[in-house]
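Listed here are the chains, written in short residue letters.
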Amino acid sequence: MPELKSRSLLREVRTELAVHGAFPARERFHREAEDLVERENLAAPAFSFRIAELDAPAQQLLQVGGETLYAPRLLPEAGELTGLACGVVTLGPALERRVASLFAEKCYSLALALDDVGNQLLLAATRRAQDRMLAAARAQNLSMAGELRPGDPGLALQTQGLVLRLADAASIGVEVNRGHALTPLKSISMVLGVGIDLPPARWSRCDECPSRATCRVANCPAQPAA
Ligand code: SF4
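These figures come from a predicted structure and were not determined experimentally. (Residues numbered from 1 in each chain as written. Predicted model: local features only at pLDDT ≥ 70, side-chain atom pairs only at ≥ 80, totals over all residues. Heavy atoms only, no water.)

### Brief notes about the site of the ligand
Right, on to step 1. Around the ligand, the surrounding shell holds seven residues, and the nearest of these are Arg205, Cys206, Cys209, Arg212 and Cys215.
Right, on to step 2. Classifying every residue of the shell around the ligand gives five nonpolar, no polar and two charged. (Near = heavy atom within 4 Å. Nonpolar A, V, L, I, M, F, W, Y, C, P; charged D, E, K, R; others polar.)

### Topic: the nonpolar core
Right, on to step 1. Of all hydrophobic cores here, the largest spans 36 residues; its most connected members are Val37, Val89, Leu95, Leu114 and Leu121.
Right, on to step 2. Ranked by residues supplied to this core, first place goes to helix α4 (residues 108-139) with 13 residues.
Right, on to step 3. Residues within four places of Leu114 in sequence aside, it is in contact with Ala33, Leu36, Val37, Leu42, Leu95, Arg98, Val99 and Leu102. (Core = buried A, V, L, I, M, F, W, Y, C linked by side-chain atoms within 4.5 Å. Buried < 20%, exposed > 50% of the residue type's maximum accessible area, 1.4 Å probe, protein only. Helix = DSSP H or I, 4+ residues; strand = E, 2+ residues; numbered from the N terminus. Contact = heavy atoms within 4.5 Å.)

### Concerning the pattern of salt bridges
Right, on to step 1. For the structure shown, the criterion picks out 18 salt bridges.
Right, on to step 2. Put simply, Arg14 and Asp35 hold a salt bridge, and the shortest N to O gap is 3.1 Å. Of the two residues, Arg14 is situated in helix α1 (residues 6-20) and Asp35 in helix α2 (residues 27-39); the sequence distance between them amounts to 21 residues.
Right, on to step 3. Residue Arg14 pairs with Glu38 through a salt bridge whose shortest N-O separation is 3.5 Å. (Salt bridge = Lys/Arg side-chain N within 4 Å of Asp/Glu carboxyl O.)

### Topic: the side chain of Thr90
Right, on to step 1. With respect to the secondary-structure elements, Thr90 resides in strand β4 (residues 80-90).
Right, on to step 2. On the accessibility criterion, Thr90 (2% relative accessible area) is buried.
Right, on to step 3. In terms of polar contacts, Thr90 uses its side chain to reach the side chain of Ser187, at 2.8 Å.
Right, on to step 4. Apart from residues no more than four positions distant in its own chain, Thr90 is found in contact with Ala44, Pro45, Ala46, Leu122, Ile172, Val174, Pro184, Lys186 and Ser187. (Polar contact = N/O pair within 3.5 Å; in protein donor to acceptor, adjacent residues only side chain to side chain.)

### Notes on α4
Right, on to step 1. If you check α4, its first and last C-alpha atoms are 47 Å apart, about what 32 residues at 1.5 Å a residue would give, namely 46 Å.
Right, on to step 2. Positive phi shows up at Asn141, right after α4, with a value of about 60 degrees. (Expected span 1.5 Å × (residues − 1).)

### Re the environment of Arg138
Right, on to step 1. Summarising the element assignment, Arg138 is placed in helix α4.
Right, on to step 2. Residue classification places Arg138 among the exposed residues on the basis of a relative accessible area of 56%.
Right, on to step 3. Distance in space between the C-alpha atoms of Arg138 and Val194 is 9.6 Å, their sequence separation being 56 residues.

### Comments concerning the pairing of strand β8 (residues 187-196)
Right, on to step 1. In terms of residue burial, β8 counts as a mostly covered element, since nine of its 10 residues are buried.
Right, on to step 2. In this structure, β4 lies alongside β8, joined through 10 bridges in antiparallel fashion. Across the sheet, residue Gly87 finds its bridge partner in β8, namely Met190.
Right, on to step 3. Taken together, the five bridges between strand β5 (residues 143-148) and β8 define a ladder with antiparallel strand orientation. Residue Leu148 lies in a different strand from β8, and its bridge partner there is Val191. (Pairing = 2+ DSSP bridges.)

### Quick look at the packing of aromatic side chains
Right, on to step 1. Following the criterion strictly, the structure yields two aromatic pairs and no others.
Right, on to step 2. Seen from their ring centres, Phe103 and Tyr108 are 6.0 Å apart, and the 45 degrees between their planes marks the pair as tilted.
Right, on to step 3. Residue placement shows Arg28 over the ring face of Phe29; its charged tip is 4.5 Å from the ring centre. (Phe/Tyr/Trp six-rings, centres within 6.5 Å; stacked < 30°, edge-to-face > 60°. Lys NZ or Arg CZ within 6 Å of the ring centre and 35° of its normal.)

### Overview of a nonpolar patch on the surface
Right, on to step 1. On the surface, a nonpolar cluster with roughly 290 Å² of combined accessible area is contributed by Phe103, Tyr108 and Leu112.
Right, on to step 2. For Leu112, a relative accessible area of 45% puts it in the partly exposed group. (Patch = residues over 30% accessible without salt bridge, like charges linked within 9 Å, V, L, I, M, F, W, Y side chains within 5 Å. Areas by Shrake-Rupley, 256 points an atom, 1.4 Å probe, with all protein chains shown as cover.)

### A few points about the confidence of the model for the protein
Atomic detail in the predicted coordinates should be set aside for any region of low pLDDT.
Right, on to step 1. Overall, the prediction assigns the protein a mean pLDDT of 90, with 92% of residues at 70 or greater.
Right, on to step 2. When mean pLDDT is taken per element in the protein, helix α3 (residues 94-104) scores highest with 98 and α1 scores lowest with 77.
Right, on to step 3. Counting contacts from residues 222-226, a segment whose pLDDT is below 50, to residues more than four positions away or on other chains yields 15 contacts. (pLDDT = per-residue confidence, 0-100.)

Right under this line is the structure:
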């Protein structure tokens, strides 16, 4: 089970907030929330992934691991899609429990700041996990392109269970509930195309998002869109 150093992720998040001046009015609460994460060991970032070969040549319905996935956006304009990289990343349950306890104590500003720091940590952990997935694909002389998460345009939320099975999410304690949400909540699952000479994807989940103009993540040059 690959783990990530929460201290190093926290450093990355602190740097981003310092460079991009996110939430200047709430800076004090963010600093407090970051200290809380460190002091109480609230983040246990971990990820698991698998590069699964397609069971049959790629077509609209992808056959993988004995299951069927409808994700036509992953079909490349050129090259050959030969497999899928399915991954899941989590911070574990401690941070969201602490957010809930802060709300219960009516410490709303700190609770919101801690929740936001959790989101930033999860994005940083996801970037690290994708780096490892790319390295694993390259080790097999394969390229990787396009990223979908269940619930994105082009990948039904109901595929959550399938993606988790393919990524062996149980090995890091991530499950899906009846509403197709992940537990722990601070978790992300994803599917990326893997294959031969895949061109970079020219789409992203942000393309049609109504929040794009004001989205801090999409408009931050330091990081790819969530
Ligand atoms: S624009 Fe922002 S909120 Fe919308 S999908 Fe992209 S990262 Fe998410």
